[in-house]
Amino acid sequence: MNKLFALVMILIAAMFISPASVHANLLSNAGFETNGGYGGATAANWTGSGDTGVESWAAYTGSWGMKTGTYAASDVVYQEVAVAGSTPYAFSIWGQRDGGTPTGTYQVNLAWYNGATPLTVDGGDVTLTDGWTQQLLNATSPATANKVRATFGGTSLNLTGKWDDADLSSSPIPEPTSMLLLGSGLVGLLGLRKRTVK
């Protein structure tokens, strides 16, 4: 009977460990470590516009980070990945305003697509400070989305931002019916145990 009780306890513990605690970064080369090996190089799997590139002085962790400079226009860096529709996603990236750079507007967003057709954009303006801060964005993909463009960079002129350790993950929400069924089964097992102990 003790084995049954131990099994019930394990199942109860498993019920409280939701799928949301499971984490897999959907972005490739999220720390910008795979690159041309020199300042200003392009990071593998990322696309940049304008004055963007990896720099050792832009690293939060590791050896390399991404620099965005907005000297003539807004400069952004992005990566596109496949997604599922109607699914919650979390996008985060560490950012810091380069010392001596004026305060201005930076952006972190998720642009949703169905193939090549743009759907909506979540996110927007963020403020970078002289210290590293994690920029967080939670959004649910549109029902017809099958691709997202995770984007960061500057939108005001004469800004230099440092970025590192990007992360994009889905945050699945447990299906209520399955959780209810599991909970009912556990209650039934506990009732069976009490009845057989008497």
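Right above here is the structure, for reference.
What you are looking at is a predicted structure, and each value in this text was computed from that prediction instead of being measured.

Considerations on the overall build of the protein chain
Here's step 1: Per the secondary structure count, the protein chain includes two helices and ten strands.
Here's step 2: Along its sequence from the N terminus, the protein chain presents helices and strands in the succession α-β-β-β-β-β-β-β-β-β-β-α.
Here's step 3: Counting over 198 residues, the protein chain shows a buried share of 38%.
Here's step 4: Put simply, 75% of the contacts in the protein chain that link residues at least 6 apart link residues at least 24 apart.
Here's step 5: With an accessible surface of roughly 10200 Å², the protein chain has 58% of that area assigned to carbon and sulfur atoms.

A word on the pattern of salt bridges
Here's step 1: Counted under the stated rule, the structure contains five salt bridges.
Here's step 2: When the shortest N-O distance is used, the salt bridge between Lys147 and Glu80 registers 3.7 Å. Remark: Glu80 occurs in strand E4 (residues 75-82) and Lys147 occurs in strand E9 (residues 147-154); sequence separation between them is 67 residues.
Here's step 3: Glu80 gets classed as partly exposed once you look at its relative accessible area, which sits at 34%.
Here's step 4: A salt bridge links Lys162 to Asp98; the shortest N-O distance between them is 3.7 Å. Residue Lys162 is found in strand E10 (residues 160-170), and its partner Asp98 is found in the loop between strand E5 (88-97) and strand E6 (106-114); the two are separated by 64 residues along the sequence. Grouping residues by exposure puts Lys162 and Asp98 together as buried.
Here's step 5: What you see here is one network of salt bridges that share partners, running through Glu80, Lys147 and Arg149.

Notes on the pairing of E6
Here's step 1: Of all nine residues in E6, eight are buried, a share of seventy percent or more.
Here's step 2: Where E6 hands over to strand E7 (residues 117-126), the hairpin turn is made up of two residues, of which Gly115 adopts a positive phi near 65 degrees.

Some points on the sheet that holds strand E3 (residues 65-69)
Here's step 1: Reading across the sheet, the five strands line up as E2-E3-E10-E5-E8 and stay open at both edges, with antiparallel pairing between neighbours. The sheet terminates laterally at strand E2 (51-55) and strand E8 (133-140), the two strands that pair on one side only. Between one strand axis and the next, the sheet turns through 30 degrees on average, direction left out of account.
Here's step 2: Where E2 and E3 come together, five bridges link them in antiparallel fashion. Within E3, the residue paired with Thr52 across the bridge is Thr68.

Rules and cut-offs
Residues numbered from 1 in each chain as written. Predicted model: local features only at pLDDT ≥ 70, side-chain atom pairs only at ≥ 80, totals over all residues. Heavy atoms only, no water. Helix = DSSP H or I, 4+ residues; strand = E, 2+ residues; numbered from the N terminus. Buried < 20%, exposed > 50% of the residue type's maximum accessible area, 1.4 Å probe, protein only. Contact = heavy atoms within 4.5 Å. Areas by Shrake-Rupley, 256 points an atom, 1.4 Å probe, with all protein chains shown as cover. Salt bridge = Lys/Arg side-chain N within 4 Å of Asp/Glu carboxyl O. Pairing = 2+ DSSP bridges. Axes fitted to C-alpha atoms, helices over the stretch in contact; angles between N-to-C directions.

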